[in-house]
Amino acid sequence: MQAPDDFNPQAGQAEELEPGLRRILAPNPSPMTYRGTNTYVIGTGGLAVIDPGPESGPHLAAILAAVQPGQKITHIIVTHSHLDHSPLARALGRETGAPVYAFGGPAAGRSAVMRQLAADGLAGGGEGIDTEFSPDTAVGDGEMIRGDGWELEVIHTPGHLGNHIALAWNDACFTADHVMGWASSLVSPPDGDLTDFMTSCRRLRQRDWRVFHPGHGAPIHDPAGRLDWLIAHRASREAAILDALQQAPASAASLARQIYTETPPALLKAAERNVFAHLVDLTGRKLAAPQGTLSATAVFEQRGG
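Sequence order sets the numbering: in each chain, residues are counted from 1 along the sequence as written. Residues qualify for local features only when their pLDDT is at least 70, as the model is predicted, and side-chain atom pairs are given and counted only at 80 or more; totals for whole chains, interfaces and linings, by contrast, use all residues. Only hydrogens and water are set aside; all other atoms, that is, all heavy atoms of the structure, feed into the side-chain values.

## Quick notes on helix H4 (residues 194-205)
In this model, H4 (12 residues) spans 16 Å end to end at C-alpha, consistent with the 16 Å of a helix rising 1.5 Å per residue. Throughout, a contact is declared for two residues whenever any of their heavy atoms are within 4.5 Å. Numbering goes from the N terminus for both helices and strands, where a helix is a DSSP run of H or I of at least four residues and a strand is a run of E of at least two. The inward-facing, buried residues of H4 contact strand S9 (151-156), strand S11 (172-176), helix H5 (223-247) and helix H7 (268-284). We call two N or O atoms a polar contact when they sit within 3.5 Å, provided that within protein one can donate a hydrogen and the other can accept it, with sequence-adjacent residues counted only if both atoms are side-chain atoms. You can read the cap of H4 off the contacts: a side-chain oxygen lies 2.9 Å from the backbone nitrogen of Thr195, and it is on Asp193. Given the number of residues in a helix, its expected span is that number minus one, multiplied by 1.5 Å.

## Here's the deal with the sheet that holds strand S7 (residues 137-138)
Spatially, 7 strands are ordered S1-S2-S3-S4-S5-S6-S7 in an open sheet, and the strand pairing comes out mixed. The sheet is open, and its two edges are formed by strand S1 (15-18) and S7, each paired on a single side. Where helix H1 (residues 57-65) meets the sheet, its contacts fall on strand S2 (21-25), strand S3 (38-42), strand S4 (46-50) and strand S5 (72-77), and the angle it forms with S2 comes to roughly 160 degrees. Axis definition: a line fitted to C-alpha atoms, over the contacting stretch in the case of helices. Angles run 0 to 180 degrees between N-to-C directions. Strand contacts of helix H2 (residues 88-96): S4, S5 and strand S6 (100-102), with the helix running at about 155 degrees to S5, the strand carrying the most contacts. Criterion used throughout: strands pair if DSSP finds at least two bridges between them.

## Let's talk about empty space enclosed by the protein
A 1.4 Å probe that fits into a set of points on a 1 Å grid over the protein atoms alone but cannot get out defines a cavity; an open set with protein on both sides within 12 Å along at least five of seven lines defines a pocket, and lining residues are those with an atom within 4 Å of a point. Grid points are joined across faces, edges and corners, and a volume is the space filled by probe spheres set on the points. One pass over the full model with this rule turns up 3 cavities of 30 Å³ or more. Taken together, 16 residues make up the lining of the largest cavity; nearest its centre are Arg110, Leu161, Gly162, Pro190 and Asp191. When residue character is reported, Ala, Val, Leu, Ile, Met, Phe, Trp, Tyr, Cys and Pro are called nonpolar, Asp, Glu, Lys and Arg charged, and the others, Gly included, polar. A breakdown of the residues in the lining of the largest cavity according to their chemical character gives 6 nonpolar, 6 polar and 4 charged.

## With respect to the environment of Asn170
Relative to the elements of secondary structure, Asn170 occurs in the loop between strand S10 (165-169) and S11. Placed 113 residues apart in sequence, Asn170 and Gly57 show a C-alpha to C-alpha distance of 32 Å.

## Examining the nonpolar core
Definition of nonpolar core: a set of buried residues of the types Ala, Val, Leu, Ile, Met, Phe, Trp, Tyr and Cys, connected through side-chain atoms within 4.5 Å. Each residue's exposure class comes from its accessible area (1.4 Å probe, protein chains only) as a fraction of the maximum for that residue type: buried when under 20%, exposed when over 50%, partly exposed otherwise. Of all hydrophobic cores here, the largest spans 24 residues; its most connected members are Ile241, Leu245, Leu255, Val275, Phe276 and Leu279. When residues of this core are traced back to their parent elements, those giving at least two are helix H3 (112-119), H5, helix H6 (252-259) and H7. At 6 residues, H7 tops the list of elements feeding residues into this core. Not counting residues up to four positions away in its chain, the partners in contact with Phe276 are Leu117, Leu122, Pro189, Ala252, Leu294, Ser295, Ala296 and Phe300. If you look at the next biggest cluster of nonpolar residues, it comprises 19 residues, including Val49, Ile63, Ala98 and Ala102.

## Some points on unusual backbone geometry
Across the junction of Pro189 and Pro190, the peptide omega takes the value 5 degrees, indicating a cis bond. Of note, the phi angle at Asp51 is positive, near 55 degrees, even though the residue is not glycine. For Asp51, the position within the fold is in the loop between S4 and H1. With a phi angle near 55 degrees, Asn170 is a residue other than glycine that sits in the positive phi range.

What follows is the structure, encoded as structure tokens:
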């Protein structure tokens, strides 16, 4: 899906999205982050900062400048430990004394098959992992994080990363990198797990949301429609992979070149990781199998379900 051209806020400026909610764009635009990481500030007295973002002196200054007279940052919440979301939590915590909340460290929530792939030496791709990240307070699925006039429900949404969470704020949801409006989410093993990703999509789809506030890009005002598109998009990728495997066994790299024909060369490695995520999922469902050990370079063949 093409990025909307009208989303281009000025980095470092706190923009009110609705009463009690502001967004500050981090200065880290890239092919993986679009205009940059969205940092959200909730509250009017005691404040929660969601996803402080990457290591950035200017962005730290922008977050601190958004604290108005009579306000104080009391909670720092990290949705997942990619390098564009979590590293600044450490400096912000030192500056404010606020504790950092998250599901857990970089390996938390990782599925068994992904733990095995990691043990076999497969390293992550895409945005990069904040390997030093560790929250002050670990929060689990269904827990409430409460502050001064606000509360957030933790929804564990593994898939993009094992420790990924979404945060329900009444009928709004901070979906981080699980659901974005400008592009589909990267699922890159061993950090990303497509089986978990699809389960998380269907779980979010069961609720009636007014708006999604993503980690990158503009607010999503048709959450149900966006989730339906995301699920259908993955189903179409799966169908293309199975169709290609029906013709001949293939690796993730060769399948990516066949299927992602309009993808810029700079993003082809990410596309390859997405294909491998599908192949792992298909292997788990016994619709495909590697010729030998499951790995990112294995050749896969189609199997009957």
